[in-house]
Amino acid sequence: MINVAHTIVLTNQKGGVGKTTTSASLAAGLARKGRKVLAVDMDPQGNLGFSLGADIDEGPTVYDALEGKVTVYDAIKRIKDIDIIRSNILLSGAEAAFRGERREILLKNLLDPVARMYDYVIIDTPPAFNVLTLNGYSAADYLIIPMATEILSLMGLVQLKETYETIKQSVNPNLEIMGIVLTKYEKRRNLSHDVQEMVETVAKQLGTRVFGSVIRNGVAAAEAPAHGENIFEYSPRSNPARDYGAFVDEVLQIVEGGRKHG
Ligand SMILES: Nc1ncnc2c1ncn2[C@@H]1O[C@H](COP(=O)(O)OP(=O)(O)OP(=O)(O)O)[C@@H](O)[C@H]1O
Ligand SMILES: [Mg+2]
């Protein structure tokens, strides 16, 4: 059977909820488990590439590839055991530059030829519903929604649901919401009854699950990117590293089930 990558998009239009931290940790965690991973940054902030140790102001970016200035192969940069397609601030010009009916499937078309080279494609998105996010949804098999425990909120999720349904009914009928992952969780407090109830309500509305793994707060998660290291390299014994390890196992279980890899 021909292998085609499972494509996972990290999404939440709220800023600072852990999309990029989760993207980088998921990509690194899957690579550690022997999976071939491509990480794609669709956020003009360029944080994913930076977090994974790439120089984001040097060399071709996802924007160059989406515009057709370079091939997808030229845009892929190998850093350690992860292939990366970087982004930088120039990607913010996409809204104006991408025109026409097919503007939402540019990323899908770009990645199609390389999907067989990978087990997983992990895509980070900006904190907005714009053409970049829509391109992520169109290219994805699964959405994962990180939510920061301290700013848990139902706001904006109606829009996420509508966007999800629109994409599912048009360009991407296979799109699934894999789950909500709670991030930046303060370990001294138990997941309060209120938070638990709220996140379960949100998950129900979106027709999905809450991941059993909760990502605790830990300074290592914030420090690692500046060192160009993922959390498993930077501080393997830290709470976020342990929690992301469990989260990666959970994703593998959901996507691959009992199937043996290889
Ligand atoms: N588990 C954690 N413990 C401590 N700090 C964390 C944790 N997860 C993320 N952070 C920090 O919180 C901030 C926001 O995280 P991150 O950049 O991953 O969010 P984001 O959703 O991608 O943000 P944006 O919407 O701006 O793209 C960062 O400074 C990050 O280092
Ligand atoms: Mg981010």
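First things first, this report covers the structure right here in the doc. (Residues numbered from 1 in each chain as written. Chains lettered and ligands numbered in written order. Predicted model: local features only at pLDDT ≥ 70, side-chain atom pairs only at ≥ 80, totals over all residues. Heavy atoms only, no water.)

### Things to note about the overall build of the protein
Okay, so step 1: Helix and strand content of the protein: twelve helices and seven strands.
Okay, so step 2: Here the protein has a C-alpha radius of gyration of 17 Å; the compact-globule value for 262 residues is 18 Å, and the two agree.
Okay, so step 3: Projecting the C-alpha coordinates of the protein onto the three principal axes gives extents of approximately 50 × 40 × 40 Å.
Okay, so step 4: Relative to its 262 residues, the protein shows a buried fraction of 51%.
Okay, so step 5: Counted over contacts in the protein with a minimum sequence separation of 6, partners at least 24 positions apart contribute 80%.
Okay, so step 6: Element-wise, carbon and sulfur atoms account for 50% of the exposed surface of the protein, whose accessible area totals about 12,200 Å².
Okay, so step 7: Looking at the protein, you have 29 positive and 32 negative side-chain charges, and the mean spots of the two groups are 5 Å apart. (Helix = DSSP H or I, 4+ residues; strand = E, 2+ residues; numbered from the N terminus. Rg over C-alpha atoms; globule rule 2.2 N^0.38 Å. Buried < 20%, exposed > 50% of the residue type's maximum accessible area, 1.4 Å probe, protein only. Contact = heavy atoms within 4.5 Å. Areas by Shrake-Rupley, 256 points an atom, 1.4 Å probe, with all protein chains shown as cover. Lys, Arg positive; Asp, Glu negative; His and termini not counted. Charge placed at Lys NZ, Arg CZ, Asp CG, Glu CD.)

### Here's the deal with the sheet that holds strand β5 (residues 120-124)
Okay, so step 1: Within the open sheet, the seven strands sit side by side as β3-β4-β2-β5-β1-β6-β7. Their pairing is mixed. The outermost strands of the open sheet, each flanked by one partner alone, are β3 (76-79) and β7 (176-183). Geometrically, the sheet is characterised by an average inter-axis angle of 25° between neighbouring strands, direction not taken into account.
Okay, so step 2: For strand β1 (residues 6-10) and strand β6 (residues 142-148), the ladder comprises three bridges, and the chain directions are parallel. Residue pairing for β6: Ile-8 is matched across the bridge by Tyr-142. (Pairing = 2+ DSSP bridges. Axes fitted to C-alpha atoms, helices over the stretch in contact; angles between N-to-C directions.)

### Some details on the site of ligand 1
Okay, so step 1: Ligand 1 sits among 18 residues. The nearest are Lys-19, Thr-20, Thr-21, Lys-184 and Gly-218.
Okay, so step 2: A distance of 3.0 Å is found between an oxygen atom of ligand 1 and a backbone nitrogen or oxygen belonging to Gly-16.
Okay, so step 3: The backbone of Arg-216 places a nitrogen or oxygen atom 2.9 Å from a nitrogen atom of ligand 1.
Okay, so step 4: About the coverage of ligand 1: the protein hides 81% of its 620 Å² of free accessible area.
Okay, so step 5: Where the shell around ligand 1 is concerned, the elements lending two or more residues are α1 (19-32) and α10 (219-223).
Okay, so step 6: Looking at which element gives the most residues to the shell around ligand 1, the answer is α1, with three residues.
Okay, so step 7: Considering only residue class, the shell around ligand 1 consists of five nonpolar, eight polar and five charged. (Near = heavy atom within 4 Å. Polar contact = N/O pair within 3.5 Å; in protein donor to acceptor, adjacent residues only side chain to side chain. Nonpolar A, V, L, I, M, F, W, Y, C, P; charged D, E, K, R; others polar.)

### Details of unusual backbone geometry
Okay, so step 1: For Lys-80, which is not glycine, the phi torsion reads 55° and is therefore positive.
Okay, so step 2: For Lys-80, a relative accessible area of 48% gives the class partly exposed.
Okay, so step 3: Of note in the backbone geometry, Lys-184 takes a positive phi value of approximately 50° without being a glycine.
Okay, so step 4: Take Lys-184: it is sitting in the loop between β7 and α9 (193-206).

### Notes on the side chain of Asn-135
Okay, so step 1: In this fold, Asn-135 is placed in helix α7 (residues 131-139).
Okay, so step 2: Looking at Asn-135, the relative accessible area reads 0%, which means it is buried.
Okay, so step 3: Among all residues touching Asn-135, those that are not within four sequence positions of it are Met-42, Arg-103, Glu-104, Ile-105, Leu-106 and Leu-107.

### Looking at the pairing of β1
Okay, so step 1: With four of its five residues buried, β1 lies for the most part within the structure.
Okay, so step 2: Relative to β5, β1 is paired through five bridges, and the arrangement is parallel. In the sheet register, Ile-8 faces β5, and the bridge partner there is Ile-122.

### So, the environment of Val-171
Okay, so step 1: Note on placement: Val-171 falls in the loop between α8 (157-169) and β7.
Okay, so step 2: Accessibility expressed as a relative area gives 36% for Val-171, which makes it partly exposed.
Okay, so step 3: Distance from Val-171 to Arg-102, taken between C-alpha atoms, is 9.8 Å for residues 69 residues apart in sequence.
Okay, so step 4: Residues contacting Val-171, with those up to four places away along its chain left out, are Ile-105 and Ser-138.

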